[in-house]
Amino acid sequence: MQDNTTQYPPTWYARSKMPFLEQPALGENVKAEVCIVGGGLAGLSIAWQLCQSGVAVVVLEAKRIAWGASGRNGGFVSPGFAGDIDDVERVSGKERAQRLYQYSVLGAETIRTHIQDFAPHCLMGEGKYSVSRYPAVESMQRTADRLTQDYDDPVEYLDASTMRSRIDTDRYFQGIYKPRGFQIHPLNYAIALAEKIVGCGGRIFENTPAVSLELNQHSGRHNVTTSAGAVQAEHVILCTSGYDNGLYEPLHQSVLPVSTHVVVSEPLRPEQLDWVKTRCGIADTGNACDYYRLIDEDRLLWGGKITTARTQPAKLDQQMLAAITDVFPAFADLKIDYRWSGLMGYCRHKMPLIQQSEDRLWMATAFGGHGLNTTAMAGSLVASAISDNDPRWRDFSDYDLVWNGGLLGQAAVQVSYWWMQAKDRYLESRARNTGS
Ligand SMILES: Cc1cc2nc3c(=O)[nH]c(=O)nc-3n(C[C@H](O)[C@H](O)[C@H](O)COP(=O)(O)OP(=O)(O)OC[C@H]3O[C@@H](n4cnc5c(N)ncnc54)[C@H](O)[C@@H]3O)c2cc1C
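Everything numeric here is computed off the predicted structure, so don't read it as measured data. (Residues numbered from 1 in each chain as written. Predicted model: local features only at pLDDT ≥ 70, side-chain atom pairs only at ≥ 80, totals over all residues. Heavy atoms only, no water.)

Caption draft 1: Expanded view of the overall build of the protein chain. Assigned secondary structure in the protein chain consists of eleven helices and 17 strands. Relative to a compact globule of 436 residues, whose C-alpha radius of gyration would be 22 Å, the protein chain shows 21 Å and is just as compact. Taken along the three principal axes of its C-alpha coordinates, the protein chain extends 70 × 50 × 45 Å. Within the span of the protein chain, comprising 436 residues, buried residues form 56% of the whole. For the protein chain, long-range pairs separated by at least 24 residues make up 75% of all intrachain contacts whose partners lie at least 6 apart in sequence. Looking at the protein chain as shown, the accessible area adds up to about 18,000 Å², and 50% of this sits on carbon and sulfur atoms. Once the 42 positive and 49 negative side-chain charges of the protein chain are each reduced to a mean point, those two points are 3 Å apart. (Helix = DSSP H or I, 4+ residues; strand = E, 2+ residues; numbered from the N terminus. Rg over C-alpha atoms; globule rule 2.2 N^0.38 Å. Buried < 20%, exposed > 50% of the residue type's maximum accessible area, 1.4 Å probe, protein only. Contact = heavy atoms within 4.5 Å. Areas by Shrake-Rupley, 256 points an atom, 1.4 Å probe, with all protein chains shown as cover. Lys, Arg positive; Asp, Glu negative; His and termini not counted. Charge placed at Lys NZ, Arg CZ, Asp CG, Glu CD.)

Caption draft 2: How the structure looks around the packing of aromatic side chains. Taken as a whole, this structure holds 14 aromatic pairs when the rule is applied. Where tryptophan 12 meets tyrosine 13, the ring centres are 5.7 Å apart and the plane angle is 65°; that geometry is what we call edge-to-face. We note that tryptophan 12, like tyrosine 13, is buried. For the pair tryptophan 362 and tryptophan 393, a centre-to-centre distance of 4.9 Å together with 70° between the ring planes defines the contact as edge-to-face. Of this pair, tryptophan 362 sits in strand E17 (residues 361–365) while tryptophan 393 sits in the loop between helix H10 (371–388) and helix H11 (406–434), placing them 31 residues apart in sequence. By relative accessible area, tryptophan 393 is classed as buried at 8%. Grouped by ring-pair contacts, the aromatic residues Trp275, Tyr292, Trp302, Phe328 and Phe331 constitute a single cluster. (Phe/Tyr/Trp six-rings, centres within 6.5 Å; stacked < 30°, edge-to-face > 60°.)

Caption draft 3: Here's a closer look at the packing of helix H2 (residues 41–52) against helix H6 (residues 186–199). Between H2 and H6, the shortest axis-to-axis distance is 9 Å and the interhelical angle comes to 35°. Our pair here, H2 against H6, has a crossing hand that is left-handed. Counted together, Leu41, Leu44, Ser45, Ala47, Trp48 and Cys51 of H2 and Tyr189, Ala190, Leu193, Ala194, Lys196 and Ile197 of H6 form the full contact between these two elements. Classifying every residue of the contact of H2 with H6 gives ten nonpolar, one polar and one charged. (Axes fitted to C-alpha atoms, helices over the stretch in contact; angles between N-to-C directions. Left-handed = near helix turned anticlockwise from the far one by under 90°. Nonpolar A, V, L, I, M, F, W, Y, C, P; charged D, E, K, R; others polar.)

Caption draft 4: Expanded view of the site of the ligand. Neighbouring residues of the ligand: 38 residues in total, closest Glu61, Ser70, Phe76, Gly368 and Leu372. Within the contact set of the ligand, an oxygen atom lies 3.2 Å away from a backbone nitrogen or oxygen of leucine 41. Take glycine 75: an N or O atom from its main chain is 3.3 Å from an oxygen atom of the ligand. Protein chains bury 97% of the 1,000 Å² of accessible surface belonging to the ligand in isolation. For the shell around the ligand, a count of residues per class yields 18 nonpolar, 18 polar and two charged. (Near = heavy atom within 4 Å. Polar contact = N/O pair within 3.5 Å; in protein donor to acceptor, adjacent residues only side chain to side chain.)

Caption draft 5: Representation of the nonpolar core in the model. If you look at the biggest cluster of nonpolar residues, it comprises 82 residues, and the most contacted ones within it are Ile36, Ile46, Leu50, Ile111, Ile237 and Phe396. Ranked by residue count, the leading element in this core is helix H3 (residues 85–118), at eleven residues. For leucine 50, the residues in contact, after removing those within four places along its chain, are Val34, Val55, Val57, Ile237, Ala383 and Ile386. One finds Val131, Met163, Leu268 and Leu294 within the second-largest nonpolar core, a separate group that totals 26 residues. (Core = buried A, V, L, I, M, F, W, Y, C linked by side-chain atoms within 4.5 Å.)

Caption draft 6: Looking closely at the pattern of salt bridges. Under the criterion given, the structure shown has 26 salt bridges. Among the salt bridges present, the one from arginine 90 reaches aspartate 87, with a minimum N-O distance of 2.2 Å. You can see arginine 90 and its partner aspartate 87 sitting in helix H3, three residues apart, about one turn around the helix. Take arginine 90: its relative accessible area is 64%, and that puts it in the exposed class. (Salt bridge = Lys/Arg side-chain N within 4 Å of Asp/Glu carboxyl O.)

Caption draft 7: Main features of the packing of H3 against helix H4 (residues 137–150). As a packed pair, H3 and H4 sit with axes 12 Å apart at the nearest point and diverge in direction by 30°. Regarding the angle of H3 to H4, the classification is roughly parallel. For the pair H3 and H4, the contacting residues are Ile85, Asp86, Glu89, Lys94, Gln98 and Tyr101 in the first and Arg142, Arg146, Leu147 and Asp150 in the second. Broken down by class, the residue content of the contact of H3 with H4 amounts to three nonpolar, one polar and six charged. (Parallel < 35°, antiparallel > 145°, perpendicular 65-115°, else oblique.)

Caption draft 8: Structural context of the pairing of strand E10 (residues 229–238). The buried count for E10 comes to eight of ten residues, which makes it a mostly enclosed element. When strand E1 (residues 29–37) meets E10, the two strands line up parallel, connected through eight bridges. Looking across to E10, one finds that valine 34 is bridged to histidine 235. Relative to E10, strand E9 (residues 222–226) is paired through five bridges, and the arrangement is antiparallel. Within E10, the position partnered with threonine 225 by the bridge is alanine 230. (Pairing = 2+ DSSP bridges.)

Caption draft 9: Layout of helix H9 (residues 316–327). Here H9 spans 17 Å end to end across twelve residues, near enough to the 16 Å set by a 1.5 Å rise per residue. Residues Leu316, Met320, Leu321, Ala323, Ile324 and Val327 constitute the buried set of H9. Here the buried residues of H9 occupy an arc of 160° about the axis, which is enough to place them on one side. (Expected span 1.5 Å × (residues − 1). Arc of directions from axis to C-beta.)

Caption draft 10: Main features of unusual backbone geometry. Located in the positive-phi region is aspartate 296, a residue other than glycine, with phi close to 55°. Mapped onto the elements, aspartate 296 comes out in the loop between strand E13 (291–295) and strand E14 (299–307). Aspartate 296 gets classed as partly exposed once you look at its relative accessible area, which sits at 29%. Even without being a glycine, alanine 366 presents a positive backbone phi close to 65°.

Caption draft 11: Representation of H2. Compared with an ideal rise of 1.5 Å per residue, which puts twelve residues at 16 Å, H2 spans 16 Å between its outermost C-alpha atoms and is within 8% of the ideal. Counting buried positions over the twelve residues of H2 gives eleven, a clear majority of the element. Buried within H2 we find Leu41, Ala42, Gly43, Leu44, Ser45, Ile46, Ala47, Trp48, Gln49, Leu50 and Cys51. Taken from the residues just after H2, glycine 54 is the one with a positive phi, measuring 80°.

The analysis is restricted to geometry; functional conclusions fall outside its scope.
Right, dumping it as structure tokens:
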């Protein structure tokens, strides 16, 4: 076994990753109680929770662990979902929405506990600001009140002048400070989880795409086949997200892969560091959602831009620099050292798919752009459902497999992104021209 970093995309995270021995590819037939397909943070979180309960687990990962979104995301951890809590409340009712939100809090707290227990090197920053790029006093105040009072997530509303005293840009108006938010090195966190799994007897097979899945009616066990072996397991959990290859067609037809992009700058000069001012994570409330944070002491990590096209835009550096200088004009001469793209998995309802569709065939996927806390949450809910019959996962039953519309659905999502982004631009330019 040898370490082979070249298989990870050329991200800043891969450059700063901790050593981890490449795990073997599956080359024989094996048995396990649980077979997890997909070694991102969803698969690894569930595997680690199951290992702790003494369940025999096999993880199959097509490439390297956390090669997908999990090892290349923004690293922002905070309670909540990709879907808006108002929509969750409309669909599920207030009581269930409150329970779901508390699970999302549990997910963030689980990562914090893991970091304290075995991965302190992964913690990169504390706190998160959500900021509006146009005046939104009422809606920001209402969101802050609702999170604090109805969802027991104490957050702080900030008026425009307070916001601007904390981040030096006149692009921002009102904001919300989320003290429960924090930032991590997601690839190193995944590696720390994988080490715990392997150390506890769990088996991870890398470079092992699962190619077929069938239920043996006679034995009642699932058979997951790969090119050089197979896993027979009582439970199978699909955690393939935006990189799904069609192993289980109903899932493939439900999850829409959506691209998003990240750049990391050259080291900033001291005066440039002062413009950003804060070491918290910052995300705007716009539909394209630009987010950024300082990493590696003095580099700017900036993410955003959402498209349904799966390729990296040819002029990604220029596009991201335009977004950066729109907020901080003084960054005009900034050089970009790293750039990459990744796929998020979205269902039409924008909520995680946490389901058991047939006998012991599970799905824990589609966490969208809010997948750090929610993959850890899925780890707790699905693992305890399997090991202890914990029924909490059933609270996600309102968010089932639903056809993503195929190519037409993809086009419709792209058009709706463009529409929402155009609306944001209009509101921003009106704010610039009139100050309101
Ligand atoms: C650029 C970017 C920035 C983001 N920023 C944030 C953020 O700051 N905060 C946040 O909360 N969320 C963020 N997200 C979202 C978050 O990263 C994801 O929701 C989360 O990582 C999903 O984890 P996952 O394990 O479900 O999927 P993934 O990490 O994508 O893992 C799926 C894995 O399944 C494997 N696979 C697929 N098919 C097979 C098969 N047949 N056999 C074996 N293996 C298979 C793939 O190789 C892949 O490794 C971001 C996402 C991206 C792309």
